[in-house]
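Analysis of the macromolecular model
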Amino acid sequence: MPVTFRGLSPFLLAPLLSLSTAALAESAPGPVIDPDTATPAAPGPVIDPETANLPQSSSKPHDQRVTRFTIADDSNIVGKKRIIEAEKEDTLLDIGRHYGIGYEEMRRANPDVSVWYPGAGTEVVVPTRFILPDTPYEGVVVNIPEMRLYYYPPRKEGEPQRVETYAISVGRMDWSTPLGETRITAKQENPPWYPPQSIIEEHAADGRELPDVVPPGPDNPLGKYKMRLGLPGYLIHGTNRPQGVGMRVTHGCIRMFPEDVEHLFGQLPVGTKVNLVSEPTKFGWRDDTLYVQSFPLLEEDRRSPVLKRMLDADEALVATLERHEIDTEIDHKRLTEAVLIPAGAPVALNVEPEPAAPRIPLPGSLYDALPTPPTLLYQSVEVFESS
């Protein structure tokens, strides 16, 4: 299948081999604060509203319909970008939760908007357009760099495939969420929390004590629902601090908005397949347009050479082209920028057609085709007869 690239070729990136993606606009200043422990975690401009005396999110649980989509047979892209006007009392967290979008997603989509005080009438981008991960459409798929969970309900005969997608929090660098296939092995409503010894020791090192068990209630960081995975010690659960959803701040578990985990708790039977993947770059196809959607690498992966990330993206691109039998020219310079400076928004990669040259009318006769002779000097001077 012929594929034409325009712009920067991956081979031109060879001089960048010694660089790491940490130097490419993916890092952000300031510490992340774990909402459960109020201690610094992975790098990033995240502020705990409680420790900073800032207002907590007061948004109401979102309408579940904004997170459910039908998958078209000829596309792997669902949803659409929204632009709304903020109300006076809104924060980005309020708006994000209303549409099922987490903190980092909202921050990347609105880099010039204040997280806590957008201001009445401010236009806010809500990134509700998603390229589906390159996995089978079954069970639960968690794309960790994206901090997003996808659930594919069982397909009924005669009906289209559907997907539900939810914002999540994942493990910070020293407590990273593992990759691989597993299953839901147990479910529990109103669970007590038994802090692992490692977390008890972490708190003790900071001069804070944790009890051996935290009973159900408003102080329980697991929220009202938990689903245990086949990976020992890892859960999908709710939270008593929903303002932290969308940050990389957990001890490895997958944390969800309370309304989202409540819905999934009722949908996912024990034994449901859960696929934990790392796809920092995804490709999608819709309406004859090829898109790329790229996310910052996990901190522990940021030492990977730039060339490796580009070649990984190129491999995923070729797989997408073959699967969808796509034949199009690709702007490789735009692809390179999207992968190395990830903003999380789908970017079109089709080469825009060259503007057509204006059509010159054909001459009506041979005489019309002759060039106009230049004006002679004597023809440009008005001659006056002497009296």
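Residues numbered from 1 in each chain as written. Predicted model: local features only at pLDDT ≥ 70, side-chain atom pairs only at ≥ 80, totals over all residues. Heavy atoms only, no water.

**Observations regarding the overall build of the protein chain**
- Each helix and strand counted, the protein chain has seven helices and 21 strands in total.
- Among the 387 residues that make up the protein chain, the fraction classed as buried is 48%.
- A separation threshold of at least 6 residues defines the contact pool for the protein chain, and within that pool the share at least 24 residues apart is 69%.
- With the model as given, the accessible surface of the protein chain reaches about 20400 Å², and the carbon-plus-sulfur share is 54%. (Helix = DSSP H or I, 4+ residues; strand = E, 2+ residues; numbered from the N terminus. Buried < 20%, exposed > 50% of the residue type's maximum accessible area, 1.4 Å probe, protein only. Contact = heavy atoms within 4.5 Å. Areas by Shrake-Rupley, 256 points an atom, 1.4 Å probe, with all protein chains shown as cover.)

**Some points on unusual backbone geometry**
- Although it is not a glycine, Asp 288 adopts a positive phi angle of roughly 60°.
- Mapped onto the elements of the fold, Asp 288 is located in the loop between strand E18 (281-286) and strand E19 (289-294).
- The backbone of Glu 325 sits at a positive phi, close to 50°, despite the residue not being glycine.
- Inspection of the secondary structure assignment puts Glu 325 in the loop between helix H5 (306-323) and strand E20 (329-331).

**Observations concerning the side chain of Arg 148**
- The residue Arg 148 is located in strand E10 (residues 148-152) in this model.
- Residue Arg 148 is classed as buried on the basis of its relative accessible area of 0%.
- Here Glu 105 takes part through its side chain, which lies 2.8 Å from a polar atom of the side chain of Arg 148.
- In this structure, Arg 148 is in contact with Gly 100, Ile 101, Gly 102, Glu 105, Phe 130, Val 141, Val 142, Asn 143, Thr 165, Tyr 166, Ala 167 and Ile 168, ignoring residues within four places of it in sequence. (Polar contact = N/O pair within 3.5 Å; in protein donor to acceptor, adjacent residues only side chain to side chain.)

**What to know about the sheet that holds E19**
- If you walk across this open sheet you meet the three strands as E18-E19-E21, and the pairing is antiparallel. The two strands at the open ends of the sheet, each matched to only one other strand, are E18 and strand E21 (347-348).
- Against the sheet, H5 touches E18 and E19, its axis set at about 25° to E18.
- Each of E18, E19 and E21 is contacted by helix H6 (residues 332-340), which is oriented at about 25° to E19, the strand it contacts most. (Pairing = 2+ DSSP bridges. Axes fitted to C-alpha atoms, helices over the stretch in contact; angles between N-to-C directions.)

**Quick look at a negative patch on the surface**
- On the surface, a cluster of negative charge is contributed by Asp 73, Asp 74, Asp 287 and Asp 288.
- Counting through the fold element by element, Asp 73 comes out in the loop between strand E4 (68-70) and strand E5 (77-79).
- Note on Asp 73: relative accessible area 76%, which makes it exposed. (Patch = residues over 30% accessible without salt bridge, like charges linked within 9 Å, V, L, I, M, F, W, Y side chains within 5 Å. Salt bridge = Lys/Arg side-chain N within 4 Å of Asp/Glu carboxyl O. Lys, Arg positive; Asp, Glu negative; His and termini not counted. Charge placed at Lys NZ, Arg CZ, Asp CG, Glu CD.)

**What about the packing of H5 against H6?**
- At their nearest, the axes of H5 and H6 sit 10 Å apart, and the two run at 120° to each other. On the basis of their axis angle, the class for H5 and H6 is oblique. As H5 packs across H6, the resulting crossing turns out to be right-handed. Contact with H5, carried on its side by Val 306, Arg 309, Met 310, Ala 313, Asp 314 and Leu 317, involves His 332, Leu 335, Thr 336, Val 339 and Leu 340 of H6 and no other residues of that element.
- Here the contact of H5 with H6 is composed, by residue class, of seven nonpolar, two polar and two charged. (Parallel < 35°, antiparallel > 145°, perpendicular 65-115°, else oblique. Left-handed = near helix turned anticlockwise from the far one by under 90°. Nonpolar A, V, L, I, M, F, W, Y, C, P; charged D, E, K, R; others polar.)

**As for the environment of Ser 114**
- Positionally, Ser 114 belongs in the loop between helix H2 (103-109) and strand E7 (123-126).
- The class for Ser 114 is partly exposed, based on a relative accessible area of 33%.
- A sequence separation of 23 residues divides Ser 114 from Thr 91, and the C-alpha atoms of the two residues are 8.0 Å apart.
- For Ser 114, the side chain forms a polar contact with the main-chain nitrogen of Trp 116, separated by 3.4 Å.

**Digging into the pattern of salt bridges**
- Scanning all chains against the criterion turns up 10 salt bridges.
- Its salt-bridge partner being Lys 273, residue Glu 138 comes within 3.4 Å of it at the nearest N-O pair. Here Glu 138 is found in the loop between strand E8 (129-131) and strand E9 (139-143), whereas its partner Lys 273 is found in strand E17 (residues 273-277), with 135 residues between them in sequence.
- Among the residues examined, Glu 138 registers a relative accessible area of 39% and is labelled partly exposed.
- Take Lys 273: its relative accessible area is 18%, and that puts it in the buried class.
- Of the charged contacts, one joins Lys 308 and Asp 312 as a salt bridge, the two residues approaching to 2.9 Å between their closest N and O atoms. On the criterion of helical spacing, the pair formed by Lys 308 and Asp 312 is a turn pair, its members being four residues apart in helix H5.

**Brief notes about the confidence of the model for the protein chain**
- Across the protein chain, the average pLDDT comes to 78, with 68% of residues at 70 or higher.
- Across residues 1-57, confidence stays below pLDDT 50; counting only partners more than four residues off in sequence or on other chains, it has 147 contacts. (pLDDT = per-residue confidence, 0-100.)

**So, the packing of aromatic side chains**
- Within this structure, the stated rule accounts for three aromatic pairs.
- When the ring of Tyr 225 is compared with that of Phe 265, the centres are 4.9 Å apart and the planes differ by 50°; the resulting orientation is tilted. Placement of the pair is Tyr 225 in strand E13 (residues 225-229) and Phe 265 in helix H4 (residues 258-267), with a sequence separation of 40 residues.
- Residue class for Tyr 225 comes out buried when judged on its relative accessible area of 10%.
- By relative accessible area, which is 14% here, Phe 265 ends up buried.
- It is Arg 129 that lies over the ring of Tyr 291; its NZ or CZ is 4.9 Å from the centre.
- In this structure, Lys 187 packs its charged tip against the face of Phe 265, placed 4.7 Å from the ring centre. (Phe/Tyr/Trp six-rings, centres within 6.5 Å; stacked < 30°, edge-to-face > 60°. Lys NZ or Arg CZ within 6 Å of the ring centre and 35° of its normal.)

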